[in-house]
Amino acid sequence: MSSMEVGLRRQEGLGALYLGIFATVWFSVPAAEQPLRGLLVAGSVAALLTAVAGGVVTARSRGAAAAPADRAGDRRYLLIVVVEFALAGLGAAALAVAGWTEYVPVLVCAVVGLHFFPLAPLLRSPLLRHLGVATCAVAVAGLLTGLTTGVSAGVVAGTGAGALLLGYALRSLVRSVRS
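Digging into unusual backbone geometry
Residues apart from glycine generally show negative phi values, whereas peptide bonds are mostly found in trans.
Now for step 1: Geometrically, the link from Q34 to P35 is a cis peptide bond, its omega value of 5 degrees lying close to zero.
Now for step 2: Relative to the elements of secondary structure, P35 occurs in the loop between α1 (3–27) and α2 (36–62).
Now for step 3: Positive phi outside glycine occurs at R124, with the angle close to 55 degrees.
Now for step 4: Among the structural elements, R124 can be located in the loop between α4 (104–122) and α5 (127–148).
Now for step 5: With relative accessibility at 65%, the residue R124 sits in the exposed group.

Next up, the structure:
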């Protein structure tokens with residue numbers, strides 16, 4: 001197996017690991033009654049198993065061919081994540097002060113969706129742009145649903161974001177096994 005193939009396998013394994021973990025988190029956001037609660041638990045379990053499998057793929061591909069460190073890329077990645085957390089945290093605090101805590105998951109979902117756009121070129125994964133668009137669409141759907149119906153905005157944002165992240169995590173896992 002070439003070092004390029006090992007690098008791709010490792011990157012896709014990491015994608016399955018990270019996206020699986022965050023899908024698990026998103027599936028735990030909504031407070032829902034049955035049958036949705038059962039589906040959220042099943043989604044969480046599937047996401048966690050995907051994350052574990054991604055971790056195994058990553059660990060197995062670690063030593064075969066280590067890529068040289070990309071310090072500039074690592075700094076850019078860290079900056080993107082720090083800005084993401086800062087925006088989500090400050091926005092959540094502002095919504096809490098305004099008494100609109102139901103919309104915190106919507107805001108966080110939108111920020112998460114937006115952070116995929118600068119990550120796509122950095123991680124050389126153009127499909128992250130599609131994930132960004134879809135995640136932002138889920139945030140908008142959550143906002144509109146929360147404003148116009150009796151359905152909680154957090155249920156829409158949490159379920160939608162969890163499903164999207166799980167789908168992309170599974171895609172990464174399948175690609176890691178095929179490479």
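A word on the environment of T149
Now for step 1: Relative to the assigned elements, T149 resides in the loop between α5 and α6 (153–178).
Now for step 2: Side-chain polar atoms of T149 contact the backbone nitrogen of V151, separated by 3.1 Å.

Digging into the pattern of salt bridges
Pairs can form between side chains of opposite charge whenever their charged atoms are close.
Now for step 1: As enumerated under the stated definition, the model contains two salt bridges in all.
Now for step 2: Between E12 and R171 there is a salt bridge, and its shortest N-O distance comes to 3.9 Å. Linking E12 in helix α1 with R171 in helix α6, this pair joins segments that are 159 residues apart in sequence.
Now for step 3: For R175, the salt bridge identified is with E12, shortest N-O distance 2.9 Å. Here R175, found in helix α6, pairs with E12, found in helix α1; they are 163 residues apart in sequence, far enough to count as distant.
Now for step 4: Taking relative accessible area as the criterion, R175 reaches 36% and is therefore assigned partly exposed.
Now for step 5: Residue E12 is classed as buried on the basis of its relative accessible area of 9%.
Now for step 6: Counted as one network, the salt bridges with shared partners bring together E12, R171 and R175.

Parameters and conventions
Residues numbered from 1 in each chain as written. Predicted model: local features only at pLDDT ≥ 70, side-chain atom pairs only at ≥ 80, totals over all residues. Heavy atoms only, no water. Helix = DSSP H or I, 4+ residues; strand = E, 2+ residues; numbered from the N terminus. Buried < 20%, exposed > 50% of the residue type's maximum accessible area, 1.4 Å probe, protein only. Polar contact = N/O pair within 3.5 Å; in protein donor to acceptor, adjacent residues only side chain to side chain. Salt bridge = Lys/Arg side-chain N within 4 Å of Asp/Glu carboxyl O.

Taken by themselves, the reported measurements are silent on function.
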